[in-house]
Every structure is written in C-alpha cells, then in structure tokens.
Amino acid sequence: MKDGFLKTAAATPAIRLADCAYNAEQILGCMEEARRGGVKLLVLPELCITGYTCGDLFLQPTLLQQAQAALEHIRTGSHGSDLITIVGAPLLFESKLYNCAVFIQNGRFLAVVPKTYLPNYGEFYELRWFTPAPPQNDSVRIGEESVPFGTRILLCCEQLPELCIAAEICEDLWAADPPSTSHAIAGATVIVNPSCSDEIIGKAEYRRSLVRAQSARLCCAYLYADAGEGESTTDMVFAGHNLICENGALLAETRLFQNGMAITEIDLARLVFEWQRITSFPAARDKEYLKIPFSLRLSQTRLTRPVSPYPFIPASDDDRRERCEEILSMQAAGLSRRLAHTHAKAAVIGLSGGLDSTLALLVAVRAMKKLGRPTSDILAVTMPCFGTTHRTKSNAQRLAEAYGVSFRQVDITAAVNQHFADIGQDPQKLDVTYENCQARERTQVLMDLANQNGGLVIGTGDLSELALGWATYNGDHMSMYGVNASVPKTLIRHIVAYEAASCSDQNLRRTLEDILETPVSPELLPAADGEISQRTEDLVGPYSLHDFFLYYAVRWAFPPSKIYRLACYAFEGSYAPDEIKKWLINFYRRFFAQQFKRSCLPDGPKVGSVTLSPRSDWRMPSDACADIWLAQAQSL
C-alpha cells in the first residue's frame, strides 16, 4: 500500500441457485484467486451465497439456515488472510429478512450492511421477501457471533487511515438519494456495491456511466460486483458486469457474460488530496456512523492500473480530436473577447515557424473569424537573427500567406549588435546575455508595432515553458494576452497535428507537418551549417517527462518519490530510471527557482485542470525553498 495504492477486485463467481455449499466453495475460490493476485479488498455480487433469483425460496427456513452455514464456512476459510471480502447473503434480524452485504476478514465477520432501497417493479419484487434497512445501527447474530448491523457503518484501516470502506447494494445506487452520498460525507473513501443487475440493451453503458459519475461526485473509489452465470434465466439474463472506478475514471471492468474478475489498484492518497482541495466537500462530522477498525499488513503494491505517459492527452483518436477542437475554441473565445473589449485594431504575433507561435496564429485566425473581421487584421512578424534557419523562416512566411494575415519581416541582427556595443557585450561570448538580448529585442519590436497599429501583442509561450521558467524575463515572457499559457507542449503538438489533418489546402498541410517535425528550439545560438544548433530538450529535458512531472506535482500534489515511481512505470522502455531521476531533479530545481516569472504573467485563458496563473490556480511565493523536494528526489 506504499504511496496510497491498494489492490482491489470485483468478481462474479459461477453459482448454483439455492446451492449454498457449492456457492461457498466458488466464493472461496474467488478469494484464493484474489489473494494470489495481491488483492486486499474483494467485493462479490448481491445475494451470491444463495443466488439473487431464488424467489419464494427466500421464505424457506432451510435455505436461510444453509446460507448461514455457508457464511460460517467462508468465515473459517478466511483465517490467516487479511483480505477483506464482501459477500451478499440473506439474513434474519428481529423476524424480518434483509438483503445484506457481509464483510469478512481473517476469520471474523466485521459488519453487515442491509440494503436500503428495495425494487418492487418490473421483474424485481424484493419487497415480497425482504425488508428495507432499519434507520439505526444495531447488531445481528450470525452463528454464535454478534455482528454490527446497519447502513451507517464505516470500516477504517488502522495502518492506512486513508482507507475507509462503506457499502450500498444494487438499487441503492439507482435511488435519488443513494446511501453512498452520506457514506462519503461521513468519511468513506471506498464504496463497495454487491449487485445483481439484469442485462438489457443499453444498460451496460448506463450502469458504467452511473458508477463513474457517483465516484466522481463523491471523490471516491467505487467497486461494483455484478451477478452473472448461475442466476435464473426465466425472464432475465445477467452478465457479470464488474466495474472499478476512481473519481470519475473507469480503471477496470470485465467483459459481459464471462464471469470475470476486475482487478486494479485504487489510489487512496489521490482521493484524500481531492477531498482536501475541494472546499465544497464537507468535513466528516456524522457522529451516527459506527467506525469499525481493521488491520492490513502494509506492503508494496505492484502497479497494473493504467497510467498514461501523456496525462494531458486523451488516449483515443476521437477524444483527442474533440479535445483539440475544444481547446482551440476556448482560446479563440478568450482572445476574441479581449480584442473586442480593448477595441484592438490588430493582433500582433511573433511568428517564428515553431510550434507555439503556430498555435497562437491558429487561435488568432479563429478569433478574427469569430469577430467577423478579416485575417489581415493579424500582423505576423518574423524577426531573424543569429540562430534563425531558412526552414523556420520560410515556414513562418508560408503560414502567413496561407491564412491571409499581414506579414512583416524585421531583421534584428543590427539592433542586437548595436545593443551589444552599448552594454559592452562580446558578440563571440555565447552566454545568457547573448541569448536574452535577442529575445528582449524581439519583444520590443512586437510591442512597438502593436503601438503603431493600435493592436495587442499575443503571447506564444506555453504551460510547459512556464513550469520550467524557459522564457526570457521581459522578453518572450511578456505579452498583452497569452493564449497558450495553460496548454502544455505535448498537447500543442497534437493540436497543430489536428489542424494539419483538417486542412484542405495541401501546401498548408505540408507546412504544418514540417513545423511538427522541426526540433523545438528558441534559435538564439548561431545555426550550424544552416541547421538548428540549439535544441531545447537537450538542455532542459524531454517535454514528455516534464509535462508528466508537472501534472502530478501540481494537479495532485504527489511527492517526488511517487511521481518517480509512476514515471518509471508509465515510461518503461522509453526512459531509464536514472534518466527519469535526472530530469525530475531538474524539474523541481527549475520549478521553484523560476516562480518569480510566473508571479507576473499576462492574462490568458484557462483550458485545463493544470494552470500556473498567479491570480487563480497557482499561488506560490517566489522565495519558496525547494530543499525538501530536491532532497527526496535526489535520494531516489
């Protein structure tokens, strides 16, 4: 359970209706399979001891007695294991029958949770046999044991305080006020649901969306175990659709009609952080809940859950295209509003022929169309100097021509050389002054051209550069509106690729594709034989790694050790652990040292969950010390 990971499972055993002894053996088999897989929490379907579709057999004392005997057999079989298993069983309490979830661990019955909402419509007639859960907690007899009984019960791990488990059963989730809502408010981070949901056309997607949505609303993990093979097919079929979701994300599910076991790890630390972050989520103060302690042996959990190396980029092609279009629309909406509000006559962009300025131009073109204005109201400026290559310069010009924007070339070589002379800079000394003088001269040109044309300078810097401080203070760091400020470098590449794929103009498509293939570079050092000599990722590290670090450090506040572990897992085969460690240390060093640049950023539209605007999403003192983060990263 290191780093808050807990391996969990939702499974469907193949049962026989009313054959409790057989079903108990199948359940024990599931438990053994889960134990071998390192699972610590296993949930099984509703009434799986007897089968859900027993009908009037639930009124037979013989069946209920055998169900109790089967529970005892499972309890005995759990000895010596800290696996927590939740099984569904019918239990008598004060002469009434209840549909229950029974928690079992290491030879003990920990708790019994009865179902709150009993369906009595269509093919379901539970009120014919069962009674809804009583309003107050009590205790119920199972064999010789008296076990806590009620809906207001939380099972809390002594070794892992983040693990707090509660249960609701099948129809409870479909209700207008699911018990899980109260459970989460009382402190539950994991909701288990033993269910028996029949299968009809479209229901699997509805069920999936319902479980995902509830896990998102409650910032919890949700384990849903569904009945399958062995239930009666008289009027229904059951598919064994098991689901594990976490805060709105589907982590694992089984295929329909295959009686499988969904296994994955939930991240409890991530859930607890989300509770801490969201101030609208109330503190746990419900004193009516009974908290039952239990123990787990702490161990390293082997990761199998999906961890994308590109957390800002959707995995599927359709989702990725939709994301790119949505971001372009948001950026254009922000820019068009700013242009209209300031009555700007022009949008002035430094067009270098690189990815960032290309995206800024795409956004400006959309903004002008949104305003009903000609694209000639965009002034694209290329400013060649010592490191500019023919490739980037010509790509910038072709872009401007293709989109019909005004274009101007201002060679800053003479101005920069004059500035070198003014300040006594040796032109042969290729240091930070040599580089930054060019960046500041370009910004000055853009600002002055904006004044001449009654326009606004549109910033091109992206989120990844802001995180690393890879910008010249009062150079490319400054603009009048930064449209790319919350878009990471890895995502910009996909947005430009999306635009290229959408082009009907083949020449424009080829230009955009060539820009995508151009190495990322500020082009501030002299070119080597006409080629780019200064490659950004050789200096600061791969943007794929840095965007990964940024996402987990800022969005989820993970410590360096956990980010390193996830990165080694996500990038296995692409980057060696030593390389990941090297660039992780560099990320933290630069992130803390460069905060002063982020403290005075221009306005820009927020498009995702990670942004570094000092006015809203990231408020950090410029003098914060990085020592404890660096020490942890260096000790990995």
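This section reports on the structure supplied with the text.

Cut-offs used in this document
- Here the residue index of a chain counts from 1 through its sequence in written order.
- Selection of residues for local features in this predicted model requires a pLDDT of at least 70, selection of side-chain atom pairs for listing and counting requires 80 or more, and totals for whole chains, interfaces and linings are taken over all residues.
- Side-chain descriptors were evaluated using all non-hydrogen atoms of the structure, hydrogens and water having been removed beforehand.
- Helix and strand definitions here come from DSSP, where helices need a minimum of 4 consecutive H or I residues and strands a minimum of 2 consecutive E residues; each element is numbered from the N-terminal end.
- Note on classification: 1.4 Å probe, protein chains only; a residue is buried when its accessible area is under 20% of the maximum for its type, exposed when over 50%, partly exposed between these limits.
- Contact between two residues is taken to exist if any of their heavy atoms lie within 4.5 Å; hydrogens are not considered.
- Reported accessibility uses the Shrake-Rupley method at a 1.4 Å probe radius. Residues are deemed covered only where the shown protein chains occlude them.
- The span you would expect from a helix comes to 1.5 Å times its residue count less one.
- Counted as a polar contact is a pair of N or O atoms within 3.5 Å, where, for protein atoms, one must be capable of donating a hydrogen and the other of accepting one, and residues adjacent in sequence contribute only when both atoms are in side chains.
- In this analysis, strands are considered paired if DSSP registers two or more bridges between them.
- Every axis in this analysis is a line fitted to C-alpha atoms, fitted for helices over the stretch in contact. Angles between the N-to-C directions lie between 0 and 180 degrees.
- What makes a nonpolar core is a set of buried Ala, Val, Leu, Ile, Met, Phe, Trp, Tyr and Cys residues whose side-chain atoms join them at distances within 4.5 Å.
- Working definition: rings of Phe, Tyr and Trp (its six-membered ring) pair if their centres are within 6.5 Å, and the pair is stacked with planes under 30 degrees apart, edge-to-face with planes over 60 apart, and tilted otherwise.
- The rule is short: NZ of Lys or CZ of Arg within 6 Å of the ring centre and within 35 degrees of the ring normal puts a charge over the ring.
- Salt bridges, as used here, are contacts in which a Lys or Arg side-chain nitrogen is within 4 Å of a carboxyl oxygen on Asp or Glu.
- Each angle gets one of four labels, with under 35 degrees taken as roughly parallel, over 145 as roughly antiparallel, 65 to 115 as roughly perpendicular, and the rest as oblique.
- Handedness of a crossing follows from how the near helix is turned relative to the far one, being left-handed for an anticlockwise turn of less than a right angle and right-handed for a clockwise one.
- When residue character is reported, Ala, Val, Leu, Ile, Met, Phe, Trp, Tyr, Cys and Pro are called nonpolar, Asp, Glu, Lys and Arg charged, and the others, Gly included, polar.

## Considerations on the overall build of the protein
Point 1. Check the secondary structure of the protein and you find 20 helices and 22 strands.
Point 2. Overall, the protein is about 100 × 50 × 40 Å in size when its C-alpha atoms are taken along their principal axes.
Point 3. The buried share of the protein, reckoned over its 636 residues, is 57%.
Point 4. Pairs at least 24 apart in sequence give 74% of the contacts found in the protein among residues at least 6 apart.
Point 5. Of the accessible surface of the protein, which amounts to about 26,100 Å², a share of 50% is contributed by carbon and sulfur atoms.

## With respect to helix H13 (residues 489-502)
Point 1. Counted at 1.5 Å a residue, the expected span for H13 with its 14 residues is 20 Å, and the 20 Å between its end C-alpha atoms agrees.
Point 2. When we look at burial in H13, the residues that qualify are Lys489, Thr490, Leu491, Ile492, Ile495, Val496, Tyr498, Glu499 and Ala500.
Point 3. Its buried side turned inward, H13 meets helix H7 (317-342), helix H8 (355-371), helix H9 (390-403), helix H12 (463-468), helix H14 (506-517) and helix H16 (543-555).

## Some words on the environment of Met330
Point 1. Of note, Met330 is situated in helix H7.
Point 2. Met330 gets classed as partly exposed once you look at its relative accessible area, which sits at 29%.
Point 3. Residues contacting Met330, with those up to four places away along its chain left out, are Pro605, Lys606 and Val607.

## Re the side chain of Gln595
Point 1. Note on placement: Gln595 falls in helix H19 (residues 595-598).
Point 2. A relative accessible area of 1% places Gln595 in the buried class.
Point 3. Among the polar contacts listed, one links the side chain of Gln595 to the backbone oxygen of Met620, at a separation of 3.2 Å.

## Remarks on the sheet that holds strand E19 (residues 378-382)
Point 1. The five strands are arranged E20-E19-E18-E21-E22 in an open sheet whose pairing can be described as parallel. Looking at strand neighbours, the two that pair on one side only are strand E20 (406-409) and strand E22 (481-482), the edges of this open sheet.
Point 2. On top of the sheet, H7 reaches strand E18 (346-350), strand E21 (455-459) and E22; it is set at about 155 degrees to E21, its chief contact.

## With respect to the nonpolar core
Point 1. Core analysis: the biggest nonpolar cluster contains 90 residues, and Phe549 and Leu550 have the highest contact counts within it.
Point 2. One finds Ile27, Ala34, Val87 and Phe149 within the second-largest nonpolar core, a separate group that totals 49 residues.

## Looking at unusual backbone geometry
Point 1. In this model, Asn474 sits at a positive phi of 65 degrees, which is unusual for a non-glycine residue.
Point 2. Considering the arrangement of structural elements, one finds Asn474 in the loop between H12 and E22.
Point 3. Residues other than glycine seldom take positive phi values, yet Glu523 does so here, at roughly 50 degrees.
Point 4. Looking at where Glu523 falls in the secondary structure, it is placed in the loop between H14 and helix H15 (536-540).

## Focus on the packing of aromatic side chains
Aromatic ring pairs are reported here in terms of the distance separating the ring centres and the angle at which the planes meet.
Point 1. One pass over the structure, following the stated rule, counts 24 aromatic pairs.
Point 2. Geometrically, the ring pair formed by Phe312 and Tyr551 is edge-to-face, given 5.5 Å between the ring centres and 80 degrees between the ring planes. Residue Phe312 is found in the loop between strand E17 (290-294) and H7, and its partner Tyr551 is found in helix H16; the two are separated by 239 residues along the sequence.
Point 3. Using a relative accessible area of 12% as the deciding quantity, one classes Tyr551 as buried.
Point 4. Between Phe420 and Tyr434 the ring centres are 5.6 Å apart and the planes differ by 25 degrees, which places this aromatic pair in the stacked class. A residue pair is termed long-range when its members are at least 10 positions apart, and Phe420 in helix H10 (residues 413-423) and Tyr434 in helix H11 (residues 432-453) qualify at 14 residues. Of the two residues, Phe420 and Tyr434, neither departs from the other in class, the shared state being buried.
Point 5. Lying across the ring of Tyr22, Arg16 places its NZ or CZ 3.8 Å from the centre.
Point 6. Here Arg270 stacks its cationic end above the ring of Trp556, 4.0 Å away from the centre of that ring.

## Some thoughts on the pattern of salt bridges
Point 1. Here the structure, examined in full by the defined rule, presents 34 salt bridges.
Point 2. Salt-bridge contacts for Glu246 lead to Arg270; the nearest nitrogen and oxygen are separated by 4.0 Å. Placement of the pair is Glu246 in strand E14 (residues 243-246) and Arg270 in helix H6 (residues 268-277), with a sequence separation of 24 residues. Exposure class is identical for Glu246 and Arg270. Each is buried.
Point 3. One salt-bridge network, held together by shared partners, links Asp356, Asp462, Glu465 and Lys489.

## Side note on the packing of helix H17 (residues 560-570) against helix H18 (residues 577-593)
Point 1. H18 packs onto H17 with a crossing angle of 140 degrees between their chain directions and a minimal axis gap of 10 Å. Between H17 and H18, the crossing angle belongs to the class labelled oblique. Remark: the crossing between H17 and H18 carries right-handed chirality. Contacts from Pro560, Ile563, Tyr564, Ala567 and Cys568 of H17 reach H18 at Pro577, Ile580, Lys581, Leu584 and Tyr588.
Point 2. Classifying every residue of the contact of H17 with H18 gives nine nonpolar, no polar and one charged.

## Points about the side chain of Glu441
Point 1. Among the secondary structure elements, Glu441 is positioned in helix H11.
Point 2. Sequence-distant contacts of Glu441, that is, excluding residues within four places in its chain, are made with Ile412, Ala415 and Val416.

That is the geometry; function is a separate question.
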